[in-house]
Structures are given as structure tokens and as C-alpha cells.
Amino acid sequence: MARSDGADEGLAVAHLTAGYGGGAVVRDVSIDVGHGEAVALLGRNGAGKTTALMAIAGALRPMAGTVAIDGRPVAGLPAYRIARLGVSLVPQGRRIFSTLTVRENLTLGSRGGNLDEVHSLFPVLAKRAAVSGTALSGGEQQMLAIGRALMTRPRLLLMDEPSEGLAPQVVRDIGALVGRLRRELGLAVLIAEQNLALALAIADHVYVIERGEVVHQSSAAAFRGDPAAQKRYLGV
Amino acid sequence: MSDEIEDYLNWKLAGRIDRRDFLKLGVSAAGIALVAACGGSNTVGPTGPTGPEFKLGVVLPYSGVYAELGNSITNGMRMYFDSVGNQAGNRKITVVTADEQVALADAVAATKKVVEQDGVDMVAGYVSSPNAAGNRNYLDGLKMPTLIANAGVNSLSRAAKSPFIYRTSFSNWQPSHPMGTYVAEKLGKKKIQLVYAKYGAGLEAVAAFKETFTGSGGTIVGPDVATPFPNNGDQTPFVQAIQTDKIDGIYCFMSGTDAVTFLKKAAELGTLKKLGLVSGAGFFVEQDVLAAITDAAPDGAITGLHWALPLANKENQDFVSKYSKKFSGRQADVFAVQGFDTARVIVEALNAVKGNTTNKDAFMTAIAGVSFKSPRGDFKFDATTNNVVQTIYVRKTVKDPKLGWTNQVIDQYPGVADPGK
Amino acid sequence: MDVLNLAHGSFYMIGAYTAYTVVMATQNFWLALLVAPVLLAVIGAALEMVFFRRLYRHGHLPQVLMTFGFTLVFVDLIRSRFGPTTRAIPPPPGLGGAVHLATATFSSYSLFVLGIAIVIGALLVIGWRLTRLGVVLRAGVSDKEMAGLLGIDLPRTFTFTFAFGAALAGLAGVIAAPEFAIYPGMDANVLILALVVVVIGGLGSIEGALLGAAVIGLGYVIGSTLFPQFAIGLIFALMAAVLIIRPSGLLGRRS
């Protein structure tokens with residue numbers, strides 16, 4: 001099942017089943033993300049993308065299956081311990097702390113992250129360091145969410161619908177930014193998206209999830225060249 | 001040892017046996033079991049009463065702010081019943097307790113429990129006036145013989161009196177009424193400011209004081225200092241509302257925790273020292289309050305009450321020492337006296353009717369006719385008000401070398417009866 | 001933490017009884033000021049780790065039920081150990097008198113309480129605003145799950161915070177002991193006022209709690225002087241008014 005050769009490398013999710021209140025939302029999902037690789041998880045609204053990411057990050061206890069980071073099993077660990085293994089989430093809806101300033105949002109999870117680096121990536125966050133995190137615009141909040149994740153020095157960045165509610169130009173900026181982070185930091189990325197253009201701009205490999213199950217996987221290049229599959233799975 | 005167990009079985013106090021007593025009981029029971037197991041001697045007691053059991057429902061607070069009063073009254077009753085072998089008129093007296101708590105709804109439930117579930121022959125208790133008043137119609141309607149063992153609301157001796165409800169404690173009017181005369185005439189203090197917890201008992205007490213005080217030429221200097229009841233906040237503004245430079249003294253009605261916090265604050269602020277006279281109803285400086293505040297006590301305070309710890313009569317000296325022996329060193333208090341007397345009224349009335357309580361009117365007549373020498377002095381009922389007629393003692397707060405802080409009797413008004421018609 | 005702890009009043013009561021016990025045994029009030037917070041921190045940490053942490057995920061109702069259950073347990077434990085009698089301890093030596101400022105007279109101990117309250121209040125605001133722990137707690141109040149996803153060990157932080165809160169309540173109990181009376185039931189009185197303070201000030205805001213306390217403190221004293229029978233009613237009327245105008249409290253977050 002494992003796609004990458006070295007199963008001990010990066011993130012390996014196998015036969016993951018997870019959900020809420022005893023009901024499974026995703027079933028038997030297997031996903032691999034190698035070191036420095038970018039993987040897109042595609043699917044319609046409600047397909048189970050967020051549930052999969054939350055289970056990987058530890059916010060949700062998997063009902064079955066395994067999650068391993070560099071060969072180390074982490075399924076069932078509390079979220080903070082998984083985060084400390086180098087996994088950081090940019091969550092759906094951004095979830096900026098309204099009770100913290102922009103700077104405090106950034107420093108909260110800091111584990112060796114460099115505030116100056118984040119400020120140079122996003123100058124607006126330096127300019128508005130002292131205001132409440134939720135006083136920023138939607139695009140700025142998305143930058144704050146990404147900056148906040150980067151401050152934890154992750155090796156794997158989980159991104160949940162970063163394009164949601166943003167202007168097309170901002171979405172393109174985010175795509176460019178993720179490319180840059182991969183090049184400069186060697187960051188691996190797992191991005192859940194409905195926005196095909198953004199996903200394909202970022203990813204090396206794609207998985208399509210439908211009603212909680214992986215129904216298709218291929219290289220990003222192959223999926224880009226297969227309009228029939230795009231239409232079948234995503235209706236685009 | 002078996003007497004002790006007998007006591008407990010008779011008393012059915014499961015709901016309120018404290019832990020130490022419970023352990024003692026357990027130890028005694030184990031001892032008995034051992035004796036039985038070893039084929040111990042057959043002990044046949046004296047022939048007990050042969051008439052039907054007489055069930056007394058005791059409704060008193062065993063939890064909440066008045067729990068201490070409930071315990072003292074219960075102890076007093078228990079002490080008297082034990083002294084007569086828990087029987088009277090050839091009937092074995094069984095006590096069923098129910099927790100009055102604080103709120104009326106709970107007190108009503110407790111009353112209904114003993115009456116309807118336990119089927120008692122008589123009810124006694126009620127610490128709080130609203131609870132006594134709130135159960136009045138129910139008990140009156142059932143023609144249930146009832147003794148009020150504490151609640152002082154005046155109306156129970158007046159508009160709301162019932163031929164089936166007698167009061168063994170006091171009416172709020174009683175301890176304060178003679179004090180107006182005493183303060184104005186005997187002490188010659190003519191300018192007094194009133195200080196009281198603003199609820200029924202406080203209002204009725206200061207009104208009774210005011211009546212005789214102004215009648216004897218005294219002047220009430222306003223405005224009154226009225227505190228919330230209970231006052232869980234700071235007492236400072238109330239202490240400071242006492243106009244020390246315009247008055248000869250204060251007359252005060254407060255009790256328990258309120259009295260403790262008020263007196264402490266008045267001592268700290270130096271107000272007590274500036275007052276020519278601290279007077280009040282005796283609850284203000286009763287033993288519970290004095291034990292808590294110790295040296296913040298108002299030295300020389302003059303108060304009126306139907307009892308005092310050092311009262312010299314033989315019955316009281318006896319009561320105080322036996323009480324302390326029976327209840328592991330606890331000091332007797334006025335509430336225990338009320339419980340003791342309540343039990344005595346029941347026993348004497350039962351003896352008078354030879355245990356026949358089916359004729360309720362006859363039983364109530366027997367109750368009305370009970371009179372005896374109580375630790376508080378002469379005890380009898382007033383046929384007009386169904387309330388106790390008793391001596392009101394004028395007491396002075398002093399530090400006694402033997403008793404510690406207490407109230408020495410300096411004068412008395414015998415035969416004080418509520419003026420209800 | 002977004003935890004509703006009704007046993008907080010019990011911690012205050014236990015602090016006051018600790019003061020009573022220590023003062024009776026040693027005559028040393030200042031020792032009580034050290035002993036009670038340590039004792040309460042241990043009790044608080046133990047309760048949090050064994051009981052309360054299981055309830056965080058289940059919302060406020062189970063928290064209310066369990067912590068209310070503990071108030072009953074604690075008040076009965078206190079009653080069985082100390083009896084229902086009202087107790088009191090004197091102010092520490094040197095603070096038992098009165099101080100005259102201009103035309104007003106205050107008890108020295110009241111001024112001491114005021115001073116301590118100001119110092120503790122200031123330290124809390126500084127800690128809440130400026131320390132790392134303050135940042136973590138504010139994040140936890142606003143979104144526990146997200147804080148965990150950023151690598152914050154909230155369980156440990158919550159245990160520490162709960163113990164710290166219990167210690168503060170114990171300290172308050174010691175400080176209140178010479179000022180008020182000590183009796184089973186003192187917990188409920190202070191708890192009700194504390195709840196009103198927090199609701200008026202706004203949940204999850206220290207500044208709100210300080211503002212609420214000032215409003216309620218003044219309101220209660222003024223109200224009880226002018227209308228002694230309605231002092232408590234006045235407090236609740238004030239709370240109702242605030243809830244109508246600003247449902248999330250004077251300084252509360254709007255959700």
C-alpha cells in the first residue's frame with residue numbers, strides 16, 4: 001500500500017478510521033507524505049478531509065488504523081505531543097486566538113521559530129503586532145495562521161482549506177508562498193483543498209477522498225492531465 | 001453499656017448522630033455482640049411501659065445556618081427524656097426527627113414527613129419564625145398538638161395563635177420589653193440609637209424596647225442602624241452609622257454570625273469604647289457569640305433574656321453541669337434549656353392524662369396546665385396567648401474567672417407575659 | 001480554562017478554617033498565610049487531576065454538577081470536624097485597631113485587606129497580560145484544541161492553574177477570617193457573590209473580574225446601607241441589567 005519506498009520516512013497513515021461520537025467519518029484511509037513532499041487531499045465538501053487532518057494531528061483520536069511519523073507510531077497521542085514531533089496545522093477557518101495579540105499568536109507555540117523570519121515573510125504581521133489577532137483581515141489572518149504554524153519549526157505542515165474565503169490573488173500568493181517554504185525549509189506539506197488550481201500548483205501527488213474513503217490517487221501531473229477524473233471526482 | 005444502646009434505639013437519631021457518637025455506638029454494639037456470643041447473662045430490665053408508643057415528631061434544623069440551634073434544642077430534649085427513662089403516662093416516648101433546614105419549603109416537607117409518613121402523635125421544634133408560621137395552618141387544621149421550641153414571632157401568641165400550638169421558648173416581644181424601662185429608669189440613659197438586623201425578629205424586638213423606653217421618657221435618636229439579614233458583607237458602614245457623640249448608648253438586636261462580625265468590627269473601630277451603654281436582647285451577647293469573639297466582647301453590655309449561664313438557681317446549676325457531662329464538655333445554652341423544658345412539658349402533660357392522647361382537647365388542657373421550676377426559673381403557660389410566662393433577666397457581660405466571658409444576672413423582671421389578647 | 005468550578009467557595013472556606021486551626025495552635029496569623037495556600041494548592045491539583053479534567057470536554061453542566069457535589073462534601077467535612085458553631089479569630093497583632101484618615105475611620109485590618117487585594121489584583125493583571133503563562137491561559141480560554149495543536153501541554157497548564165486558583169482562594173479565606181466570621185456556609189455566601197462578579201465582569205477576563213468586584217462591592221455596601229432588606233436583591237438586579245445590556249458581561253468576549 002505504501003507509496004514511498006522508505007516507510008520510515010515522513011508521515012505514513014495506514015487504514016485510518018476516525019469520526020465523531022462513535023460514527024466514522026473517514027474509513028480505511030491510507031496516505032503517505034515523504035520528506036519534503038507536497039501532497040494534496042482533494043474532495044468535495046463533507047468528504048472527510050478535515051476529519052482526516054484532525055485525526056493525523058491528534059485533535060481526534062483515531063478509531064482504527066495507524067499514523068506514523070518517521071516510523072514512530074503516534075495514533076492516540078495527545079495533539080500537543082504530535083505537534084512537538086514537528087507537525088503543525090493551519091486549520092480550516094484559521095482559528096486565530098481572539099484573546100491574543102498578533103505577536104502573542106505567533107509566539108504562543110514557538111519552539112525555536114524565528115519571529116524575524118516570519119515578519120520578513122509577512123511584513124504586515126510586524127506592523128500590526130500589538131493588535132488582537134482577529135482584528136486582521138481574512139487574508140492577513142491566513143498569513144498569521146501560517147506564520148503561527150511556522151513558529152513551531154514544523155517538518156510537516158498540514159493545511160486545511162487555506163483558500164477558503166480569500167480573493168483569487170491572495171490564493172495565488174499562498175500557492176507561491178508554500179512553494180517557497182518547501183524550497184527554502186524543505187517543508188513537507190499535506191493540503192486539503194477544494195480549490196483544484198491551488199492544490200495542483202502546490203502538490204506532487206494527489207489523493208481524492210469521497211464519502212470518507214480514498215477513491216483515487218495519482219501524481220499531480222497525471223491528475224492535471226486527466227480532465228475526466230477531475231470531472232468524475234470533483235465535478236469540475 | 002447497654003443503656004447507651006437503648007438510648008440510641010429509642011432515640012432514632014440516625015440522621016444526626018455525629019461521627020464520634022457513631023463510633024462509640026459501634027464499639028458498644030460490638031461489645032454486646034461479644035457478650036451475646038459468649039452466652040452472656042440474661043439481663044431482664046424492669047417492666048417497661050405497656051401502653052402504645054408515643055411518637056414525637058421533632059422538626060429542627062440539623063443543617064444550614066441554624067444547625068447549632070437545632071442540635072442544642074435536641075440535646076436538651078434528649079437530656080430530659082433520658083432523665084425519665086423515655087416514658088411517661090405508661091407510654092414509651094419515641095422521637096422521630098426531621099431536618100427543618102432553612103427555607104420554608106424544606107420545613108413544610110419535614111413537617112409532612114413526620115406527620116404523614118411517621119404518623120406522630122405530636123410535633124415539636126421550629127427554630128425559624130417563618131417556618132413556624134408557615135406550618136401553623138397545617139398543624140392547626142390537623143389539630144396536631146404542637147410545641148414551638150424557639151421561633152419567636154409575636155403573631156403566634158396573638159392573631160395567629162392556635163389552641164393546638166403552645167410556645168415554650170419566648171415571643172420576640174418578651175426579652176426586649178422590660179429593657180426599655182430598665183435602660184431609661186434604672187440606668188438613666190435617655191438617648192438611645194437602635195441597631196438591628198432588619199428582619200422579623202429584629203423589628204419586633206426593637207419595637208418592644210422602644211415602646212417602654214419612650215414611655216419612660218427616653219428618646220430614640222435616629223436614624224436606626226438596620227443591617228441586612230444575614231449580613232455577609234462588611235459591617236463597617238453600619239458600625240460607623242452609630243452616632244457615638246449624640247447618644248448615651250445603643251440597643252441592639254442581632255444574633256449568631258451577624259453579632260460576631262458586628263461586635264468584632266465595633267471593637268476594632270473603637271466604637272464600643274466610645275459608647276456609654278451597649279444594651280440589647282440577650283442573643284446579641286449569648287454564649288455562642290462570646291465564645292467566638294472572646295476579648296472583642298463588649299465588656300459591661302446590658303442585655304435582657306429569659307436565661308443566663310451563671311443563673312444561680314439549683315435547677316440551672318444542675319442542668320448546666322449535667323449537660324456538660326452528657327455532651328462531652330459542651331457548654332449549655334439558652335436553646336438547650338428551651339429543648340429541656342419542651343420535653344418536660346410533654347412528659348408532664350402525658351403523665352397528667354395518664355397517656356391518653358386520643359382526646360386532644362384534654363391533652364392540650366393538660367399541656368396548658370403544666371408548670372414547674374425550670375433552669376430559667378418559674379415556667380408556666382399563659383392561658384390567653386398559649387405562650388410561656390417567664391422571668392426576663394437583666395444581665396451584664398463580664399469576664400468571669402471560672403466561666404470566661406459570660407452574662408452575670410444583675411436584675412430581673414418576673415412573670416413577663418406577651419401582651420397578646 | 002472555561003471551567004465552572006463551584007467548589008471555589010469551599011477552597012475559601014477551607015482556607016479560613018486553616019487560618020483558625022493554625023492561629024489556635026500557634027497564635028501566628030502570618031504562618032496561616034503561608035500554610036493555607038500550600039494546602040489548597042495540593043487539594044486543588046489533586047481534584048483537578050483525579051476528577052475535574054475528565055469533564056472539560058463535556059461542557060458546563062457536568063462541571064457544575066460535580067463541583068457542586070464537592071461543595072456539599074467539603075461543607076459536611078468541615079461541619080463534622082469543627083461543628084456548626086461560628087468561629088472567629090482576631091486580627092494579627094498591630095492590625096487590631098483603627099486608623100483615622102481625614103474625617104473617616106477605618107479598621108487597620110480593613111486597610112490591610114484593601115492593600116493586599118490591590119497587590120494581588122495588580123499581580124494577576126500583570127501575569128495575565130505579560131507572562132508566558134498568561135498568554136497560554138488566554139489561548140486556552142479562547143480555543144483549547146488549537147492551543148494543543150500548537151504543542152501547548154494544556155493538561156499540565158490547567159493543573160497548575162487550578163492549583164494556583166485554589167491557593168488564591170485559600171489565601172482569600174485566611175485574609176477574610178479575621179474580617180468576617182468562620183462558619184460552615186461561608187463558602188456559599190462568597191461563591192454567590194463571586195459568580196455575580198464574574199458574570200457582570202465577563203467570563204474569561206481578569207480585568208472584567210476586577211471591575212465586577214468593584215461594582216458589586218460598592219453596590220453591596222451602598223445597597224445594604226440604604227435598603228438593608230434588598231441588598232442581595234439589588235446585586236442581582238444589577239446583574240440582570242448588565243446581562244440585558246451586555247450579555248457577555250462588561251468586559252467579556254463576544255462570541
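Since we're looking at a predicted model, the values are computed, not measured. (Residues numbered from 1 in each chain as written. Chains lettered and ligands numbered in written order. Predicted model: local features only at pLDDT ≥ 70, side-chain atom pairs only at ≥ 80, totals over all residues. Heavy atoms only, no water.)

1. Quick word on the interface of chain C and chain A
Across the contact, 19 residues belong to chain C and 23 residues belong to chain A. Here chain C meets chain A over a buried area of about 1,800 Å², counting both sides, of which 61% is carbon and sulfur. The largest contributions to the chain C side of the interface with chain A come from M146, L149 and L150 of chain C, which together make up 35% of the buried area. At the boundary of chain C and chain A, one finds three salt bridges. Across the pair D143 of chain C and R95 of chain A runs a salt bridge whose closest N-O atoms are separated by 2.9 Å. Inspection of the chain C/chain A interface yields nine residue pairs in polar contact (both at pLDDT 80 or more). (Contact = heavy atoms within 4.5 Å. Buried area = accessible area lost by both parts, 1.4 Å probe. Salt bridge = Lys/Arg side-chain N within 4 Å of Asp/Glu carboxyl O. Polar contact = N/O pair within 3.5 Å; in protein donor to acceptor, adjacent residues only side chain to side chain.)

2. Considerations on the pattern of salt bridges
Residue and element names in this part refer to chain A. Taken as a whole, this structure holds 28 salt bridges over all chains when the rule is applied. The partner of E213 in a salt bridge is R27, and the shortest N-O contact between them spans 3.4 Å. With E213 in strand 10 (residues 213-219) and R27 in strand 2 (residues 23-33), the pair connects residues that are 186 residues apart, well separated along the chain. The exposure class assigned to E213 is partly exposed, which follows from its relative accessible area of 39%. (Helix = DSSP H or I, 4+ residues; strand = E, 2+ residues; numbered from the N terminus. Buried < 20%, exposed > 50% of the residue type's maximum accessible area, 1.4 Å probe, protein only.)

3. Describing the arrangement of the chains
If you rank the two pairs of chains in contact by how many contacts each has, first place goes to chains B and C. Spatially, chain A and chain B are disjoint, and the shortest separation between their C-alpha atoms is 34 Å.

4. Details of helix 5 (residues 132-142) of chain C
The element helix 5 of chain C is largely enclosed, with a buried count of eight among its 11 residues. All buried positions along helix 5 of chain C are accounted for by G134, V135, V136, L137, R138, A139, G140 and V141 of chain C.

5. Some details on empty space enclosed by the protein
Counted according to the given criterion, the structure contains two cavities of 30 Å³ or more. Empty space within the largest cavity amounts to approximately 40 Å³. Every residue lining the largest cavity is listed: A57, A79, I82, A83, V87, S88 and L89 of chain A together with G148 and L149 of chain C. Counting only elements with at least two residues in the lining of the largest cavity, the list comes to helix 2 (79-83) and strand 6 (87-90) of chain A together with helix 6 (144-149) of chain C. Partitioned by chemical class, the residues of the lining of the largest cavity number seven nonpolar, two polar and no charged. Of the voids in this model, the second largest cavity is the one considered here, and its volume is about 30 Å³. The wall of the second largest cavity is formed by E68, L69, D288, D333 and F335 of chain B. Here the lining of the second largest cavity is built from residues that sort into two nonpolar, no polar and three charged. (1 Å grid on protein atoms, 1.4 Å probe; cavity = no way out; pocket = protein on both sides within 12 Å on 5 of 7 lines; lining within 4 Å. Points joined across faces, edges and corners; volume = space filled by probe spheres on them. Nonpolar A, V, L, I, M, F, W, Y, C, P; charged D, E, K, R; others polar.)

6. Some thoughts on the confidence of the model for chain B
All names here are of chain B. For chain B, per-residue confidence averages 90 on the pLDDT scale, and residues scoring 70 or more make up 89% of the total. Long-range and interchain partners of residues 4-45, a stretch whose pLDDT sits below 50, account for 38 contacts in this model, where long-range means more than four residues apart. Complex prediction metrics read pTM 0.82 and ipTM 0.91. (pLDDT = per-residue confidence, 0-100.)

7. What to know about the environment of P230 of chain B
Here P230 of chain B lies in the loop between strand 9 (225-227) and helix 8 (236-240). Taking the C-alpha atoms as reference, P230 of chain B lies 9.6 Å from G256 of chain B; in sequence the two are 26 residues apart. Setting aside residues up to four positions removed in sequence, P230 of chain B forms contacts with D258 of chain B together with Y220 of chain C.

8. Concerning the sheet that holds strand 7 (residues 156-160) of chain A
Residue and element names in this part refer to chain A. The six strands lie next to each other as 6-7-8-3-9-10, forming an open sheet whose pairing is mixed. One side of each edge strand has no neighbouring strand; the edge strands of this open sheet are strand 6 and strand 10. On average, adjacent strands in this sheet sit at an angle of 15° to one another, irrespective of strand direction. Each of strand 3 (38-42), strand 6, strand 7, strand 8 (188-193) and strand 9 (205-210) touches helix 1 (residues 49-57); the most contacted strand, strand 7, lies at about 150° to it. With respect to the sheet, helix 6 (residues 138-150) is in contact with strand 6 and strand 7, its orientation differing from that of strand 6 by roughly 175°. (Pairing = 2+ DSSP bridges. Axes fitted to C-alpha atoms, helices over the stretch in contact; angles between N-to-C directions.)

9. Some points on the sheet that holds strand 3 (residues 91-99) of chain B
Residue and element names in this part refer to chain B. Here six strands make up an open sheet; going across it, the order is 2-3-1-4-5-6 and the pairing mixed. A single partner strand is all that each edge strand has here, and the edge strands are strand 2 (87-88) and strand 6 (165-167). Note that strand 1 (residues 54-60) and strand 3 share seven bridges and pair parallel. Looking across to strand 3, one finds that L60 is bridged to D99. Contacts from helix 3 (residues 67-83) reach strand 1, strand 3 and strand 4 (122-125) within the one sheet, and its direction differs from that of strand 1 by about 160°. Against the sheet, helix 14 (residues 360-368) engages strand 1, strand 4, strand 5 (146-148) and strand 6, with an angle of about 10° to strand 6.

10. Brief notes about the interface of chain B and chain C
Between chain B and chain C, the residue contacts involve 26 residues of the former and 30 residues of the latter. When the two sides are added together, the surface that chain B and chain C hide from each other amounts to roughly 2,300 Å², 55% of it contributed by carbon and sulfur. Of all residues in chain B, the largest losses of buried area upon contact with chain C belong to N232, K264 and E268 of chain B, amounting jointly to 25% of the total for that side. Our count for the contact surface shared by chain B and chain C stands at one salt bridge. When the shortest N-O distance is used, the salt bridge between K265 of chain B and E179 of chain C registers 2.8 Å. Taken together, the links from chain B to chain C amount to 12 residue pairs in polar contact (both at pLDDT 80 or more). Among the elements of the structure, helix 3, strand 9, helix 8 and helix 9 (256-268) of chain B are those that each provide at least two residues to the side of chain B that touches chain C. A breakdown of the residues in the side of chain B that touches chain C according to their chemical character gives nine nonpolar, 11 polar and six charged.

11. A closer look at the packing of helix 4 (residues 108-130) of chain C against helix 5 of chain C
Residue and element names in this part refer to chain C. Where helix 4 contacts helix 5, the two axes come as close as 5 Å, and the packing angle between them is 75°. Accordingly, the angle class assigned to the pair helix 4 and helix 5 is roughly perpendicular. Contact with helix 4, carried on its side by G127, W128, R129 and L130, involves R132, G134, V135, L137, R138 and V141 of helix 5 and no other residues of that element. For the contact of helix 4 with helix 5, the residue count by class is five nonpolar, two polar and three charged. (Parallel < 35°, antiparallel > 145°, perpendicular 65-115°, else oblique.)

12. Considerations on a positive patch on the surface
A cluster of basic side chains, namely R72, R81 and R84 of chain A together with R156 of chain C, defines a positive patch on the protein surface. Position of R81 of chain A relative to the elements: it lies in helix 2. You can call R81 of chain A partly exposed: its relative accessible area is 37%. (Patch = residues over 30% accessible without salt bridge, like charges linked within 9 Å, V, L, I, M, F, W, Y side chains within 5 Å. Areas by Shrake-Rupley, 256 points an atom, 1.4 Å probe, with all protein chains shown as cover. Lys, Arg positive; Asp, Glu negative; His and termini not counted. Charge placed at Lys NZ, Arg CZ, Asp CG, Glu CD.)

13. A short note on the environment of A98 of chain B
All names here are of chain B. Tracing the backbone shows A98 in strand 3. By relative accessible area, which is 7% here, A98 ends up buried. Residues A98 and T294, 196 residues apart in the sequence, show an inter-C-alpha distance of 34 Å. Every residue in contact with A98, bar those within four places of it in the chain, is listed here: V58, V59, L60, Y62, A110, K113 and V114.

14. Side note on the pairing of strand 11 (residues 278-281) of chain B
Residue and element names in this part refer to chain B. Both strand 10 (residues 249-253) and strand 11 contribute to a ladder of three bridges, which runs parallel. When the sheet's bridge partners are listed, C252 is paired in strand 11 with G280. Read as a crossover between parallel neighbours, the route from strand 11 over helix 11 (residues 287-293) to strand 12 (residues 302-305) is right-handed. (Right-handed = clockwise from strand over helix to strand, strands pointing away.)

15. Details of a nonpolar patch on the surface
Residues and elements named next belong to chain C. There is a patch of nonpolar side chains on the surface, built from L218, I222, L226, F227, F230 and L234 and spanning about 620 Å² of accessible area. Here the nonpolar patch takes three residues from helix 9 (residues 206-226), the largest share from any one element. Note that F227 resides in the loop between helix 9 and helix 10 (231-245).

16. Comments concerning the packing of aromatic side chains
In total, this model carries 29 aromatic pairs over all chains according to the counting rule given. Judged by centre distance (5.1 Å) and plane angle (15°), the ring pair of F209 of chain B and F213 of chain B falls under stacked. With a gap of four residues between them, F209 of chain B and F213 of chain B both fall in helix 7 (residues 200-215), about one helical turn apart. Judged by relative accessible area, which is 0%, F209 of chain B ranks as buried. Judged by its relative accessible area of 0%, F213 of chain B is buried. Aromatic pair F283 of chain B and F335 of chain B: ring centres 6.2 Å apart, planes at 15°, arrangement stacked. Placement of F283 of chain B in the loop between strand 11 and helix 11 and of F335 of chain B in helix 13 (residues 334-352) is noted, with a sequence separation of 52 residues between them. In this pair, the class of F283 of chain B matches that of F335 of chain B, namely buried. Members of the aromatic cluster, connected to one another through ring pairs, are F170, Y199, F229, F253, F283 and F335 of chain B. When the ring centre of Y233 of chain A is taken as reference, the NZ or CZ atom of R232 of chain A above it lies at 5.0 Å. It is R81 of chain C that lies over the ring of F82 of chain C; its NZ or CZ is 5.0 Å from the centre. (Phe/Tyr/Trp six-rings, centres within 6.5 Å; stacked < 30°, edge-to-face > 60°. Lys NZ or Arg CZ within 6 Å of the ring centre and 35° of its normal.)

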